[in-house]
Number of protein chains: 2
Amino acid sequence: MTRIAYTNGMFVPHDYATVSMDDRGYHFADSVYEVIAYNQRGFFVDGKRHLDRLRSSLKALNIPFRMSDQALFLVMHELVRKNRHSEGYVYLQITRGIAPRDHLVRDFLEPTLAMFAEHCTFQETPPHLKVFTVPDIRWKRNDIKSTSLLGVVVGKYQAANKGGDEAWLVNDEGFVTEGGATNAWIVTHKGVVQTHPATNAILNGITRQRLIEIAKDVSIVVEEKPFTVEDAKSAREAFLTSSTKGVHPIIEIDDQKIGNGLMGDITQKLQKAYWHFYQHTKNDYGEIS
Amino acid sequence: MTRIAYTNGMFVPHDYATVSMDDRGYHFADSVYEVIAYNQRGFFVDGKRHLDRLRSSLKALNIPFRMSDQALFLVMHELVRKNRHSEGYVYLQITRGIAPRDHLVRDFLEPTLAMFAEHCTFQETPPHLKVFTVPDIRWKRNDIKSTSLLGVVVGKYQAANKGGDEAWLVNDEGFVTEGGATNAWIVTHKGVVQTHPATNAILNGITRQRLIEIAKDVSIVVEEKPFTVEDAKSAREAFLTSSTKGVHPIIEIDDQKIGNGLMGDITQKLQKAYWHFYQHTKNDYGEIS
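Every value quoted in this text rests on a predicted model; they were computed, and no experiment measured them.

This part covers the sheet that holds strand S1 (residues 4-7) of chain A. Residues and elements named next belong to chain A. In space, the five strands of this open sheet follow the order S2-S1-S6-S5-S4, with antiparallel pairing throughout. Looking at which strands have only one partner, the edges of the open sheet turn out to be strand S2 (10-13) and strand S4 (31-38). In this sheet, adjacent strand axes meet at a mean angle of 20° when their direction is disregarded. Note that S1 and strand S6 (residues 112-119) share three bridges and pair antiparallel.

With that settled, the discussion passes to the nonpolar core. Residue and element names in this part refer to chain A. With 44 residues, the main nonpolar core has Phe44, Val90, Leu92 and Met115 as its most contacted residues. Examining the composition of this core, we find that six residues originate from one element, helix H3 (residues 69-83), more than from any other. Beyond its immediate stretch of four places on either side in the chain, leucine 92 contacts Val32, Tyr33, Glu34, Leu51, Leu54, Leu72, Met76, Leu113, Ala114 and Met115.

With that settled, consider the sheet that holds strand S4 (residues 31-38) of chain B. All names here are of chain B. Pairing is antiparallel in the open sheet, where five strands are placed in the order S2-S1-S6-S5-S4. The sheet terminates laterally at strand S2 (10-13) and S4, the two strands that pair on one side only. Taken over all neighbouring pairs, the strand axes of this sheet differ in orientation by 20° on average, direction set aside. The pairing of strand S5 (residues 88-95) with strand S6 (residues 112-119) spans eight bridges and is classified as antiparallel. Looking at S6, one finds that tyrosine 91 is bridged to phenylalanine 116. Relative to the sheet, helix H2 (residues 47-60) contacts S4 and S5, its axis offset from that of S4 by approximately 175°. Contacting strand S1 (4-7), S2, S4, S5 and S6, helix H3 (residues 69-83) runs over the sheet at an angle of about 40° to S6.

Tallying the contact residues gives 53 residues for chain B and 53 residues for chain A. Summed over both sides, the interface of chain B with chain A buries roughly 4,400 Å², with 64% coming from carbon and sulfur. Summed over the three residues of chain B that lose the most area to chain A, namely Met21(B), Tyr26(B) and Leu150(B), the buried surface amounts to 19% of that side. Our count for the chain B to chain A interface comes out at two salt bridges. A salt bridge links Asp172(B) to Lys140(A); its shortest N-O distance comes to 2.8 Å. Counting residues per element, the ones that place at least two in the side of chain B that touches chain A are S1, strand S3 (18-20), helix H1 (24-28), S4, S5, S6 and helix H4 (150-161) of chain B. For the side of chain B that touches chain A, the leading source of residues is H4(B), giving eight residues.

What counts and what doesn't
- Residues numbered from 1 in each chain as written.
- Chains lettered and ligands numbered in written order.
- Predicted model: local features only at pLDDT ≥ 70, side-chain atom pairs only at ≥ 80, totals over all residues.
- Heavy atoms only, no water.
- Pairing = 2+ DSSP bridges.
- Helix = DSSP H or I, 4+ residues; strand = E, 2+ residues; numbered from the N terminus.
- Axes fitted to C-alpha atoms, helices over the stretch in contact; angles between N-to-C directions.
- Core = buried A, V, L, I, M, F, W, Y, C linked by side-chain atoms within 4.5 Å.
- Buried < 20%, exposed > 50% of the residue type's maximum accessible area, 1.4 Å probe, protein only.
- Contact = heavy atoms within 4.5 Å.
- Buried area = accessible area lost by both parts, 1.4 Å probe.
- Salt bridge = Lys/Arg side-chain N within 4 Å of Asp/Glu carboxyl O.

Structure below.
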């Protein structure tokens, strides 16, 4: 079946989806994006929150984007329908637009919107992951979900070379900020869940935010406080979160086993609770027929 | 006249030059570039040095690119010829290639090469510029000439909003690293030229390297040593360099006049010397008919 993408205002076969060479996304990484999962019932998971964050990223970079949430959701739904996936995610990228290459934008530009859909299955029984710590060499505005991602590409490459499933990024002070494309969490021996606070050093994941709320519901205490690599290695449990993965347990950090080397109790409780939320969520932005 | 660009192995009208939406340059800024000026006689200025640096950037990111310098120069010359510019520069970008979006590269990819030519005139009498200092929020590998440039875009925007022609980026220690798309220099009251050393904090500009050599020839002392914003504001002279600009005097930093507010003697001497080099240089990589 032909995969369908959306570029330049049109649905096109994915393999023929192109953007201008003069797109600022290509020359300067002057663009933002979102990855939004949809469940087997066809509902976007925390769709409204993703689009709210998209607006924040656009605002932080002064990219004026006029298409409404309603119109965006319409296109997203149509994209999913055309691709006939039962479950997966939509990738959505907005760049500042097309202009002769110049760092400085001198005129109003029409932003470029590109989207594609990908099939993937949210795993009820998650894989057990190994991570490796690498230096966090990224820029200082990781709160913006931009495509300036080369620092992450380098970090994930280093971790994968050692056999890791994900990289944990460590800043100059020795704290783990987040994973390459996930948020990083540990569980202390007191049973407290710990994750880096939502500063400019991390992207405040939508799944991260949702999990903090879910944790409250199941009476698990979450502290937003940085932890070191040593804290992590001696933790009772560790896990990561992302919109397409939910909660995945981490059983090794830098080749060192965490806890008993299996998914811990608290991780499992959170994983199941998030899984339940994911399965039963409905669109949070009103009806789209 | 139709502008001609080079993408996907072909010369195409610039306005129709596209790249795949799945290009890693678009999703991840996983790419490097060079800007290479050519003078009125049609010679690339320090062309070999630019391609050498391109190879260094590619190597730093483990991007395998097999096209030889000779072949690259052939395409560059043909691009200039087709565009019939008397003087200008070639922009050349190489990305890791096209692949389904995943931070991690799992297979060998064919890198993507894109080029365009732009007309511009190298000014014998350079404009007198004003700069504003802004925080250096970029990543930690500015020695790689990558397209992960959003930090620069933000900085140049901040400086331009205040009326600046360029941004000077200031790191956490208070040192000026470099300009948004230029290297930063001051002249002390002892007549010593000072510029940030070529660490990971800056891009070691080809014009920067060339100017250090030229300075020696005209008996001007250059020290590669970081300077603070205060050092700069109280300096005798200040200037910037880039491949398309050569040497441009800076007459104001953060609204404060530098020296007597005109181009200083040492800046002028270096500007003239570089201008002479630029005008009289020939290809440094052998003959291309």
